[in-house]
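Survey of secondary and tertiary structure
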Amino acid sequence: MTDDRVTDGLLAQVLREETGPLVARLARRHRDFDLAEEAVQSAVAEALTAWRRDGPPRNPAAWLQVAAQRNALDGVRRAARQRRLAERLPAPCEVAPDVTSTGTDDRIALLFACCHPALAPEARLALTLRAVVGMTTPQIARAFLVSEATLAQRIVRAKRKVSTAGIGLAVPTDSELPERLDDVLSVICVAFNEGFVSTTGAGHDRDLAADAVWLASAVAAALPTSAEALGLAALLTLQHARAAARFDAHGDLVLLADQDRSRWDHEAIASADALLERAARLRAPGRYQLRAAIAAVHATSPSWEETDWPQVVALYDLLAAHDPSPVVRLNREIARSRTGSPAEALARLDALAPALASYHLLHATRAELLRTLGRPDEARAADETALSLTSNDAERRLLTVRLRRRPLDDGS
Amino acid sequence: MFTSRPDLDAQTGPETTSAVYRRIYEWFGEHSESIADGGAELMGVETATTVRHGDDGPVVVDGPFNEAKEVIGGFSVLDVPDLDAAIAIARTWPMLDLPGTSVEIRPMVVDYSQFE
């Protein structure tokens, strides 16, 4: 079991390094994104079978490239046959594997195409995970608890649109970059959150959160003057650094307050801090940098009791200016409740209630405050409301666990 | 395809309308290199006649094909390398200053081999 997971980890590492650049290169060569993506996806599936059986080859990049190229040529020939044009098409020449290319720019260009605003938001995520990160459709379906058929259909539709609508594989021009980058960052953020809340292990042979951290870091490396790209990489690195301490031996979530901080990845925390400093020097604050700064306060605090709450509140005040969503305001109130009186915190929370009536964490937080204030009956009612706001079993289970946590470290 | 909402168009003052039309004229000049065919501006939707499928053969009816708030007001044919280039031009369509207007971008079928 352990050996399997090590192998899966290795496979994931190779696949996420190689998939994106390969898709981009084949798409350019054949002028057909759909064909290229399908060819690489089949190669990924072949690799998973062959490498699990025989172990990864000495040069996995070349292996994958040869397999994908063969699939692409098959695809071209099949399409040509279907159109009865085989004779009229020049035979595509076999190209020697080009394993020296770093492919970073290709990957980022592909990422921008997959996260194009002309695609439906849920399709952007699925397409990114397949084409850029090298996840298979079944892996994505498991991670997002949707049926494979639904997901496959979503991907087919999106790929067809990339091909027919002329979505180019290119990094946007400077004037469009901030807006387009924002779309890319939110896709990565959603991928991370999905990976972060779902329990590790059972049924998952791909660590979605790790993939998202890797992707955010790749974007930050490619766009070192985009402060928010650095901010997201810092944020996800910080959250992920706590991964080992977030679950107990039984697989249950452990509250931030109760986590064994010696199990956090302090090297990763230091590197995220450095990223955040570089971002700050660009003097373009934004919501990812601020969320990362909040996460950094928690990550660098020696204990829960010593958390610098005034600093957290100040950062939430700034964040609320960039992102006035009720969820951010809820988190700000939770932080403020650590510095002020619970009664006042409850009053401010109730002011937010109309906007967040269907958000389970509002009720879970009210329950905690009510309990602190010695009003157990109302606390219980609030807890029950929170539970009633979930629809499916997985969410209920998650909430049952979440109800025991303080949702302070926003995003987790 | 340029669309707008006639109910909102009716609320636009004549001065604004003529200013926008002046800018539309300039717009066609600025983007002349990317415009393969200027297309056409269509008369108001109240002039529309629709020929629709009927079980016993085509049926002619008064009005647009679709009873929607938005109507198609005209179209132009662009020749650009990719969708982003088309979006960049569409963003500058002067009528987008007016509420209820939009520009729908659609690729044209250029490869007919699939129908052979």
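Reading the values: the criteria
- Residues numbered from 1 in each chain as written.
- Chains lettered and ligands numbered in written order.
- Predicted model: local features only at pLDDT ≥ 70, side-chain atom pairs only at ≥ 80, totals over all residues.
- Heavy atoms only, no water.
- 1 Å grid on protein atoms, 1.4 Å probe; cavity = no way out; pocket = protein on both sides within 12 Å on 5 of 7 lines; lining within 4 Å.
- Points joined across faces, edges and corners; volume = space filled by probe spheres on them.
- Helix = DSSP H or I, 4+ residues; strand = E, 2+ residues; numbered from the N terminus.
- Nonpolar A, V, L, I, M, F, W, Y, C, P; charged D, E, K, R; others polar.
- Pairing = 2+ DSSP bridges.
- Contact = heavy atoms within 4.5 Å.
- Buried area = accessible area lost by both parts, 1.4 Å probe.
- Salt bridge = Lys/Arg side-chain N within 4 Å of Asp/Glu carboxyl O.
- Polar contact = N/O pair within 3.5 Å; in protein donor to acceptor, adjacent residues only side chain to side chain.
- pLDDT = per-residue confidence, 0-100.
- Buried < 20%, exposed > 50% of the residue type's maximum accessible area, 1.4 Å probe, protein only.
- Patch = residues over 30% accessible without salt bridge, like charges linked within 9 Å, V, L, I, M, F, W, Y side chains within 5 Å.
- Areas by Shrake-Rupley, 256 points an atom, 1.4 Å probe, with all protein chains shown as cover.
- Expected span 1.5 Å × (residues − 1).
- Phe/Tyr/Trp six-rings, centres within 6.5 Å; stacked < 30°, edge-to-face > 60°.
- Lys NZ or Arg CZ within 6 Å of the ring centre and 35° of its normal.

**So, empty space enclosed by the protein**
Residues and elements named next belong to chain A. Overall, the coordinates contain three cavities of 30 Å³ or more when judged by the stated rule. Approximately 50 Å³ is the volume found for the largest cavity. Together, 10 residues line the largest cavity, and Asp 8, Leu 11, Leu 48, Gln 139 and Arg 206 are the ones closest to its centre. Of all the secondary-structure elements, those providing two or more residues to the lining of the largest cavity are α1 (2-30) and α2 (33-54). It is α1 that contributes the most residues to the lining of the largest cavity, four residues altogether. Split into classes, the residues belonging to the lining of the largest cavity amount to four nonpolar, two polar and four charged.

**A word on the pairing of strand β3 (residues 49-52) of chain B**
Along any regular strand, the residues point their side chains to alternate faces of the sheet. All names here are of chain B. Inspection of the sheet shows β3 paired to strand β4 (residues 59-62) by four bridges, in the antiparallel sense. Its bridge partner being in β4, Val 51 is matched across the sheet by Val 60. Counting the residues in the hairpin turn of β3 and β4 gives six residues, including Gly 57, whose phi is positive at 105 degrees.

**Overview of the interface of chain B and chain A**
Tallying the contact residues gives nine residues for chain B and 12 residues for chain A. Both sides of the chain B and chain A interface together cover about 840 Å² of buried area, and 47% of this is carbon and sulfur. Counting the surface chain B buries against chain A, the share from its top three residues, Leu 83, Asp 84 and Pro 107 of chain B, is 52%. At the junction of chain B with chain A, the criterion picks out two salt bridges. Across the salt bridge formed by Glu 179 of chain A and Arg 91 of chain B, the nearest N and O atoms sit 3.8 Å from each other. Where chain B packs against chain A, one counts three residue pairs in polar contact (both at pLDDT 80 or more). Residues of the side of chain B that touches chain A, tallied by class, amount to four nonpolar, one polar and four charged.

**Here's the deal with the pairing of strand β5 (residues 71-78) of chain B**
Pairing analysis gives three bridges linking strand β1 (residues 2-4) of chain B to β5 of chain B, with the strands arranged antiparallel. The partner of Ser 4 of chain B across the bridge, within β5 of chain B, is Val 71 of chain B.

**A look at the confidence of the model for chain A**
All names here are of chain A. When pLDDT is averaged along chain A, the result is 84; 84% of the residues meet or exceed 70. Every residue in residues 91-101 scores below 50 in pLDDT, and together they form 14 contacts with partners more than four places removed in sequence or on other chains. In this model residues 405-412 is a low-confidence stretch, pLDDT under 50, and it forms 36 contacts with partners more than four residues away in sequence or in other chains.

**Looking at the pattern of salt bridges**
If charged atoms from side chains of opposite charge come close, those side chains can pair. All names here are of chain A. Taken as a whole and assessed by the stated rule, the structure comprises 25 salt bridges over all chains. Between Arg 336 and Glu 333 there is a salt bridge whose closest N-O contact spans 3.4 Å. Placement of the pair is Arg 336 and Glu 333 together in helix α14 (residues 326-339), with a separation of three residues, close to one helical turn. Relative accessible area serves as the criterion here: at 26%, Arg 336 is assigned to the partly exposed category.

**Let's talk about a nonpolar patch on the surface**
All names here are of chain B. A surface patch of nonpolar side chains, amounting to about 390 Å² of accessible area, comprises Leu 42, Phe 65, Ile 72 and Phe 75. Considering the arrangement of structural elements, one finds Leu 42 in the loop between β2 (35-41) and β3. Note on Leu 42: relative accessible area 41%, which makes it partly exposed.

**Some points on the side chain of Arg 107 of chain A**
Within the secondary structure, Arg 107 of chain A is located in helix α4 (residues 104-114). What Arg 107 of chain A contacts, discounting residues up to four positions off in sequence, is Arg 16, Glu 17, Pro 21, Val 132 and Trp 214 of chain A.

**Topic: helix α16 (residues 360-372) of chain A**
Residue and element names in this part refer to chain A. For α16, which comprises 13 residues, the first-to-last C-alpha distance of 19 Å matches the rise-based estimate of 18 Å (1.5 Å per residue) to within 8%. Turning to α16, its buried residues number three or more, namely His 360, Leu 361, Leu 362, His 363, Ala 364, Thr 365, Arg 366, Ala 367, Leu 369 and Leu 370. At the C-terminal side of α16, Gly 374 shows a positive phi close to 70 degrees.

**Considering the packing of aromatic side chains**
According to the stated counting rule, one finds seven aromatic pairs over all chains in the structure shown. Ring centres 4.9 Å apart and planes at 80 degrees place the aromatic pair Trp 27 of chain B and Trp 93 of chain B in the edge-to-face group. Here Trp 93 of chain B lies in the loop between α3 (83-91) and β6 (102-103) and Trp 27 of chain B lies in helix α2 (residues 14-30), a separation of 66 residues in the sequence. Pair check on accessibility: Trp 27 of chain B and Trp 93 of chain B agree, each one buried. Judged by centre distance (6.3 Å) and plane angle (90 degrees), the ring pair of Phe 28 of chain B and Trp 93 of chain B falls under edge-to-face. Of the two residues, Phe 28 of chain B is situated in helix α2 and Trp 93 of chain B in the loop between α3 and β6; the sequence distance between them amounts to 65 residues. Accessibility expressed as a relative area gives 27% for Phe 28 of chain B, which makes it partly exposed. Overall, the relative accessible area of 6% leaves Trp 93 of chain B in the buried class. Site record: aromatic cluster; members linked through ring pairs are Phe 2, Trp 27, Phe 28 and Trp 93 of chain B. Sitting above the plane of the Trp 264 of chain A ring, Arg 242 of chain A keeps its charged end 5.9 Å from the centroid. Over the ring of Trp 309 of chain A we find Arg 338 of chain A, and its NZ or CZ is 5.9 Å from the ring centre.

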